[in-house]
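The chain contents come next:
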Amino acid sequence: MDRPPHRLGVKRVVEVHSLPSLLRRAREPLPPDCPDWPLLVPEHAVVPFLGRREELATLRAWADDPAPLSIAVLTGRGGTGKTRLAGELCTELAEVGWDAGFLTTPYPCATRLDVLRPTLLAVDHPEPWAAAIGELIGHLGAGQRRRRRVRILLLTREPADGEWWRRLVLAAADRTEHRANAAPDASGMPSVGGLPGAPDGPGGPSLSGGPGVSGMGDLSSLPGVGGLPKELNELGSVTVRLDDRPLTPAERVGHAAAAMRAFASPRAVLPAVDDPGYGDPLRVHLAALMRLRGDDVEGGELLSRFLMYEQQQWMTVWPDGHEPVDAVTARQAVALVTLTTPTRQELRELLSAVPGSQTYDRGLALGDWLARLFPGRGGPRGRLAPLGPEVVAEQFLAETEGLDALVLAVHDHPARSAGHLLRMLDVLRRSSERPAVRSALLSLLTARLDGLLEEAAAEPSARLGDQVEAALRPLLGDTDGDVERGTLVRCLCVYARSLLGRQRAVEALAQVERAADLCDELDEPVGAAMTYAVLGATLAALHRPHDALEAIAWSQAEATALMRQGRHADAVRPLGEAVAALERFASGDPVLMGHLANGLLMLGDALIEAGRVLEASVVLHRGTRVIEDDRFRAVAQARLDFCQTELGHHEEAEQARAAAPGAYEPPDSACRRAHR
């Protein structure tokens, strides 16, 4: 059969990635002449791997199972050793011929993935990228015919069966179903975007082991997830929970001794680690390191004292010939690197976001100092490394003075990229259990939410929207916390509008209904007007025009109250939202067209009174073309005449007067302002 004419001569371009090219190595050598904090970073593995034999054995058995594709989830709070355990598994498998490492972020959605050898993909903090990882699983798992095994190990602090897991499974199911319905490629296999299939095989393992290990069973066992394609229902998964088994007293002593031997002389006196607060390997190693530095501190002060010591050591390598910066500026500069991991060239520009570095010489010295402390990978052209381990970095950010202002300055910086913003949101979200970091994240989301969501919509390939949603989720779930109710209403409305723009109207309805419930507790017409306008737009998208009209009527009533109070600028946005909603479903219905006409006139009047005459002229010009009722059209024409006169468009104004002689005059206050 001949191809359609529009396809003639078109060569299909298929983007191909090999899975190894997406992986970061689990082990990296320790940088020479480094400060103390890299000694604790899991990828350097300075302290020998100890314990966790049952958990590692469970993961080995999971990897050795013959199933072509399987998933495991490794959970535990920060410092319990998730990354170190995953790195140990990667190292063992790499020694026997596997491709094994950590998947880079954000996760690319390739059109074809080549699995060259058995492969282990470890994913740290998968929550924001759950949908992207689900798509990847769908790519790899649907109809798989190859016999090369792929294992995906997800490392998270959240529950293994939490909301993020449900999003992952649904995305995998959508991709698999889409693929199953696709036309066969040249080999007779179903193809989506040219991706190869994977072999059909037996169900994956439902493993169980010692304490902290459990099988999750079929993916279809998740609440709210059913009817998955056969391939995904057969995917086995295993969960390893490190929080279920903290270190025993004997294990703490063993870890402390191993850390002392790794860091310095074995003759040093061990620290006291009998306190239950030393249940995590990281804290035991940190106590050993501080003991070697001559400071035997209690568990609660451990992180702060270590950071104080580190900063003193950092300043000993300040560039010669330059006056050192103050402690606040130094901490903010290190926080900037941790939040954005820039290249050296990017760092020179981004440093102007730090208030104490705005002179050229000081910025140059700071840049050289940071590059020496956090060299990262890739040499001079590579990105600087963030402060680590994560628990240490989180404490550092929480103790950084002016973090709120720094985060906003980085967001607003002209040299800031989408990648920098992606990294900053991820770090702030993961560190938000600390009140100071949560405050900075809250400031960013509430002050810049519209811009964040607009940028996410403009650059969907960066998956910024996933990260913004992940950061918003705990904020929007806060009903009794530190989020002011009016702020929460606004965030819910803006988030609902974003979901609506991405054709996720059902989710948008849930968010805006929560906002409407909160509005009942508030005596603030601005939030109520906006909430009911977004509710109307959402109901319209769900093809419920009568319910939508009732919500829009409530919104316009609140906006009218605002205009009577002289708050015309506050009324503009909800009136615009209501007009946009009406335009979606009013065509052909004379009653609804009448409501649209009234909405356009109200919006035009509000813009005129707010001094935004140019925008008012655009709205009213649209009104003269959309409004079907002659009387309302004449009113809109008169308002348009007034705007054109104000803007100096006298010829257009004369044409408007000729088209609508005897039409209504603009609002009295606008007329008085025009004749001053």
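Refer to the structure presented above.
Quick caveat, the model's predicted, so the values are computed rather than measured.

### Examining the pattern of salt bridges
And step 1. This model, assessed by the stated rule, comprises 34 salt bridges.
And step 2. Ionic pairing is found between Arg117 and Asp99, a salt bridge with its closest N-O pair at 3.2 Å. You can see Arg117 sitting in the loop between strand E5 (112-114) and strand E6 (119-124) and its partner Asp99 sitting in strand E4 (residues 99-103), a full 18 residues away along the chain.
And step 3. The closest approach of N and O atoms between Arg544 and Asp547, which form a salt bridge, is 3.1 Å.
And step 4. Exposure remark for Arg544: the relative accessible area of 35% places this residue in the partly exposed category.
And step 5. A relative accessible area of 34% means that Asp547 is categorised as partly exposed.
And step 6. Through salt bridges with shared partners, one network takes in Glu127, Arg157, Glu390, Glu394, Asp426, Arg429, Arg430 and Arg434.

### Side note on the packing of helix H9 (residues 327-340) against helix H14 (residues 418-430)
And step 1. For the pair H9 and H14, interaxial distance at closest approach is 7 Å and the crossing angle is 105 degrees. As summarised for this structure, H9 and H14 are arranged roughly perpendicular, according to the angle between their axes. In contact with Thr338, Leu339 and Thr340 of H9, H14 contributes His420, Arg423, Met424, Val427 and Leu428.
And step 2. Residue classes in the contact of H9 with H14 are distributed as four nonpolar, three polar and one charged.

### Section: the state of the cysteines
And step 1. For the structure on display, the rule yields zero disulfides.
And step 2. Not part of a disulfide, Cys519 finds its nearest cysteine sulfur in Cys493, a span of 6.4 Å.

### Some points on the packing of aromatic side chains
And step 1. All told, the structure shown has six aromatic pairs when counted by the stated rule.
And step 2. Each ring, one from Trp318 and one from Trp369, has its centre 5.4 Å from the other, and the planes form 55 degrees; the classification is tilted. Taken as a pair, Trp318 in the loop between helix H8 (302-314) and H9 and Trp369 in helix H11 (residues 360-373) lie far apart in primary sequence, 51 residues in all. Each member of the pair Trp318 and Trp369 is classed as buried.
And step 3. Of the aromatic side chains, those joined through ring pairs into one cluster are Trp37, Trp314, Phe374 and Phe396.

### As for the environment of Glu609
And step 1. Along the chain, the position of Glu609 falls in helix H22 (residues 590-609).
And step 2. Exposure remark for Glu609: the relative accessible area of 16% places this residue in the buried category.
And step 3. As for Glu609 and Met563, which are separated by 46 residues in sequence, their C-alpha atoms are 9.0 Å apart.

### Description of helix H6 (residues 249-263)
And step 1. For H6, built from 15 residues, the straight-helix expectation of 21 Å at 1.5 Å per residue is met to within 8% by its first-to-last C-alpha distance of 21 Å.
And step 2. Among the residues of H6, those classed as buried are Arg252, His255, Ala256, Ala257, Ala258, Ala259, Met260 and Phe263.
And step 3. Of the surrounding secondary structure, the elements contacted by the buried residues of H6 are helix H7 (281-292).

### Concerning the pairing of strand E7 (residues 150-156)
And step 1. Where burial is concerned, most of E7 is hidden: seven out of the seven residues are buried.
And step 2. With burial as the criterion, each face of E7 is covered, one bearing Val150, Ile152, Leu154 and Thr156 and the other bearing Arg151, Leu153 and Leu155.
And step 3. Across seven bridges, the pairing between strand E3 (residues 69-75) and E7 is parallel. Along E7, the bridge assignment pairs Ile71 with Ile152.
And step 4. As paired elements, E6 and E7 share six bridges and run parallel to each other. Opposite Asp124, over in E7, you have Leu155 as the bridge partner.

### Quick look at a negative patch on the surface
And step 1. Residues Glu513, Asp517, Asp520 and Glu521 make up a contiguous surface patch of negative charge.
And step 2. If you trace the backbone, Glu521 turns up in the loop between helix H18 (505-519) and helix H19 (525-541).

### Focus on the side chain of Thr75
And step 1. Relative to the elements of secondary structure, Thr75 occurs in strand E3.
And step 2. Residue Thr75 is classed as buried on the basis of its relative accessible area of 8%.
And step 3. With near-sequence residues (within four places) excluded, Thr75 lies in contact with Lys82, Thr156, Glu158, Ala160, Thr239, Val240, Arg241, Leu242 and Asp243.

### Thoughts on the pairing of E6
And step 1. For E6, the tally of buried residues reaches six of six residues, placing the bulk of the element in the interior.
And step 2. Here E6 shows a buried face lined by Thr119, Leu121 and Val123 and a second buried face lined by Leu120, Ala122 and Asp124.
And step 3. Relative to E6, E4 runs parallel, the two being bridged by four bridges. By the bridge assignment for E6, Gly101 is matched with Leu121.

Thresholds applied
Residues numbered from 1 in each chain as written. Predicted model: local features only at pLDDT ≥ 70, side-chain atom pairs only at ≥ 80, totals over all residues. Heavy atoms only, no water. Salt bridge = Lys/Arg side-chain N within 4 Å of Asp/Glu carboxyl O. Helix = DSSP H or I, 4+ residues; strand = E, 2+ residues; numbered from the N terminus. Buried < 20%, exposed > 50% of the residue type's maximum accessible area, 1.4 Å probe, protein only. Axes fitted to C-alpha atoms, helices over the stretch in contact; angles between N-to-C directions. Parallel < 35°, antiparallel > 145°, perpendicular 65-115°, else oblique. Contact = heavy atoms within 4.5 Å. Nonpolar A, V, L, I, M, F, W, Y, C, P; charged D, E, K, R; others polar. Disulfide = S-S within 2.5 Å. Phe/Tyr/Trp six-rings, centres within 6.5 Å; stacked < 30°, edge-to-face > 60°. Expected span 1.5 Å × (residues − 1). Pairing = 2+ DSSP bridges. Patch = residues over 30% accessible without salt bridge, like charges linked within 9 Å, V, L, I, M, F, W, Y side chains within 5 Å. Areas by Shrake-Rupley, 256 points an atom, 1.4 Å probe, with all protein chains shown as cover. Lys, Arg positive; Asp, Glu negative; His and termini not counted. Charge placed at Lys NZ, Arg CZ, Asp CG, Glu CD.

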